[in-house]
Amino acid sequence: MQPNNAPIKAEARNLNFYYNGGHKALKGVNLPIYEKKITALIGPSGCGKSTFLRCFNRMHDLYPGNQYEGQIVMHPDNTNILAKGVDPIEVRMRISMVFQKPNPFPKSIYENVAYGLRVRGETNKRDMDNKVEQALRGAALWDEVKDRLNEVAFNLSGGQQQRLCIARALATDPEIMLFDEPTSALDPIATASIEELMSELKDKVTILVVTHNMQQAARISDYTAYMYLGELIEFDDTDIMFTKPSRRETEDYITGKFG
Amino acid sequence: MSEQQASTLKDLDAVRAMIRRHKLNDYIFAIVGLLALMVGLLTLLTLFIDLVMDGYTRFNAGFFTEFPSRRAAHAGLLSAWVGSLLVMLVTAVTAVPLGVAAGVYLEEYAPKNWFSDIIEINVTNLAGVPSIIYGLLALGLFVYILDLGQSILTAGLTLALLILPVVIVATRESIRAIPVHIREAAYAVGATKWQVVSDHILHYSFGGILTGIIIGMARALGETAPVITIGALTFIAFLPPSPIGAEPPYLNFEWLSAGFTVLPIQMFNWLSRPDHAFHVNAAATGVVIIVVTLLMNGTAIWLRYRIRKNIKW
């Protein structure tokens, strides 16, 4: 069933995840992430889609007691990013993330985008300026902020803040970008601009996006995975998922009979 | 139809009566609350006014530039306020780095287990330990075992211990006020723990930490018991050696081991004399301590307001 026209950038292999306290939030998930495509994760609240996404940048490592089992393998280097010997910071250097609620730092617009570069040891002012500009252009924000790069990021509107967060995630030239319900806190116009931006970004970067909005998944993604109660129920080409899914549960969810 | 209207109206009257009855409780509580507030405020105000009435005759430049004297009218606060200033300096230099580091460690680095739980409970409890206990500890540890003498250094370290819990708790609380999503944003770009702490956590919690430090310092300024315990002098007519010299190396640290007195001790000394003229001096000193404390707390509030204004989560 799996269309193989694009190389695989990363894949989850038999991934289980336990929250501190033993709750098993992911149950044997196998999922390929195709390079320079958008893969959408859909499913009802609590199905584990955000948990799954946050495995990709080892965000769960920030909190004690969480446990992974299985693998997430990055290609072409075949690194299992969940392996004990792999530092979560190394993973986060390769895979960046955009959060549900716009979360710029209480710093200037420039510093927000530059921070990832500073963490990577960039000290050359001119290189930094160039990369910040590129990232802001990539996030379709440059024209709106180029004259006020030193203003505090909170002065931007919600949609602009989210694009700033995308610029911050983009500036470090990641291999994969994770989006955790990136438009759920935004109005429809800001949502449309973020969606358009994501469609442009996939020329450069592999994208994995969690959304609870099925229309959004249908609009922007190339592949869709439906999750329920910690399991991956079905994964396929987005067009196929939304027109003739092979599993009954997927169809029920997509047609709104359930969820 | 009209019958129905009538019954609706009747119900409405009942509802309004009920709301009035319930609202009566609002008024009653507002008055009780105001009274409770006034008990505290008016007591302090009365005390303050009383002190001002008793001591106002001494409010002149000489009071701050003269040493204590046998003649009440010539006795001044010079050695006391200089002593307080130097002791506060030692306290700040010691308590701020220790307290902030401990607070950051407990919030960001310490593993969450029974050991850190015990430390946490103890830190909170330390804030409630009577200050004279710190005085006894300091007498044993700093004066006898470490042989630091009955000096400014000893007093500063003692008061630093005393306010350490205040600084630690303030640091932790202002760190905790930083939302999780800001912290996660910093980690998500690949920052290490230390980068998150130094580039973000400390910046965003600065206002709260500073407030805690100032409030702790204000408390230390008024502390008497531990300073008496370690043996502050009650009558000194000399100043410690100046910390700043005119010739290289410009800084000298002899003052650290000098004998000293502080404002509350000077006040206590004057108060315990039989001659009523000295009680006027004591009252005036009390006013000085209260005013400085209020100014410090006011500064803390103003700083917090100023710094928080630029940070909206």
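Notes on the structure in this doc start here. From a predicted model like this one, the values you see are computed outputs, not experimental measurements.

## A word on the overall build of chain B
Looking only at helices and strands, one finds twelve helices and zero strands in chain B. Reading chain B from its N end, one meets helices and strands in the order α-α-α-α-α-α-α-α-α-α-α-α. Here the C-alpha coordinates of chain B stretch approximately 100 × 60 × 35 Å along the principal axes. Buried residues in chain B amount to 35% of all 313 residues. In chain B, once contacts between residues fewer than 6 apart in sequence are set aside, the share between residues at least 24 apart is 78%.

## Re the overall build of chain A
Scanning chain A from terminus to terminus reveals ten helices and ten strands. Projecting the C-alpha coordinates of chain A onto the three principal axes gives extents of approximately 55 × 40 × 35 Å. A burial count over chain A gives 46% of its 259 residues as buried. For chain A, the share of sequence-separated contacts (at least 6 apart) that also reach a separation of at least 24 residues comes to 69%.

## Focus on the interface of chain B and chain A
Facing 18 residues of chain B, the contacting portion of chain A comprises 22 residues. Breaking the side of chain B that touches chain A down by element, the ones donating at least two residues are helix H7 (180-188) and helix H8 (193-204) of chain B. If one sorts the elements of the side of chain B that touches chain A by residue count, H7 of chain B sits on top with six residues. In the side of chain B that touches chain A, the residues fall into nine nonpolar, six polar and three charged.

## Re the nonpolar core
Of all hydrophobic cores here, the largest spans 145 residues; its most connected members are Ala 167 of chain A together with Ile 163 and Val 167 of chain B. The element best represented in this core is helix H6 (residues 152-176) of chain B, accounting for 16 residues. Filtering out sequence-adjacent residues up to four positions away, Ala 167 of chain A remains in contact with Val 113, Ala 135, Leu 136, Gly 138, Ala 139 and Leu 141 of chain A.

## Brief notes about H6 of chain B
Residue and element names in this part refer to chain B. The first and last C-alpha atoms of H6 sit 35 Å apart over 25 residues, in line with the 36 Å expected at 1.5 Å per residue. The sharpest bend along H6 reaches about 40 degrees and sits at Ile 163, with the proline Pro 165 one to four residues further on. Most of H6 sits inside the fold, with 23 of its 25 residues counted as buried.

## Considerations on helix H11 (residues 263-271) of chain B
Counting along an α-helix, one turn takes 3.6 residues, and residues three or four places apart therefore face a common direction. All names here are of chain B. Among the nine residues of H11, seven are classified as buried, and the element is accordingly described as predominantly covered. For H11, the set of buried residues is Leu 263, Pro 264, Ile 265, Gln 266, Met 267, Asn 269 and Trp 270. Considering only its buried residues, H11 is in contact with helix H3 (78-109), helix H9 (206-222), helix H10 (225-229) and helix H12 (276-309).

## Quick notes on unusual backbone geometry
All names here are of chain A. Residue Pro 76 follows His 75 across a cis peptide bond; omega there is 10 degrees. Examined against the element boundaries, Pro 76 turns out to sit in the loop between strand E4 (67-74) and strand E5 (79-80). Backbone geometry places Leu 229, a non-glycine residue, at a positive phi of 50 degrees. Note on Leu 229: 13 C-beta atoms within 10 Å, which makes it partly exposed.

## Here's the deal with the sheet that holds strand E1 (residues 8-18) of chain A
All names here are of chain A. Strand order across the open sheet formed by four strands is E2-E1-E4-E5, with antiparallel pairing between neighbours. What marks the edges here is a single partner per strand, and that holds for strand E2 (24-34) and E5. When E1 meets E2, the two strands line up antiparallel, connected through seven bridges. Bridge pairing links Leu 15 to Val 29 in E2.

## Things to note about the sheet that holds strand E10 (residues 231-237) of chain A
Residues and elements named next belong to chain A. Here six strands make up an open sheet; going across it, the order is E6-E7-E8-E3-E9-E10 and the pairing mixed. Each edge of the open sheet is held by one strand with a lone partner, namely strand E6 (95-98) and E10. Across the sheet, the axes of successive neighbouring strands diverge by a mean angle of 20 degrees, strand direction being ignored. In this sheet, strand E7 (residues 176-180) lies alongside E6 in parallel orientation, the contact comprising four bridges. Bridge assignment links Val 98 to a residue of E7, and that residue is Phe 179. Across the sheet, helix H7 (residues 188-201) lies against strand E3 (38-42), E7 and strand E8 (206-210), angled at about 150 degrees from E8, the strand it touches most.

About the criteria used
Residues numbered from 1 in each chain as written. Chains lettered and ligands numbered in written order. Predicted model: local features only at pLDDT ≥ 70, side-chain atom pairs only at ≥ 80, totals over all residues. Helix = DSSP H or I, 4+ residues; strand = E, 2+ residues; numbered from the N terminus. Buried ≥ 20, exposed ≤ 12 C-beta atoms within 10 Å, placed from the backbone. Contact = placed C-beta atoms within 7 Å. Nonpolar A, V, L, I, M, F, W, Y, C, P; charged D, E, K, R; others polar. Core = buried A, V, L, I, M, F, W, Y, C linked by C-beta atoms within 7 Å. Expected span 1.5 Å × (residues − 1). Bend = angle between axes of the 7 residues up to and from the residue. Pairing = 2+ DSSP bridges. Axes fitted to C-alpha atoms, helices over the stretch in contact; angles between N-to-C directions.

By themselves, these figures tell us nothing about what the structure is for.
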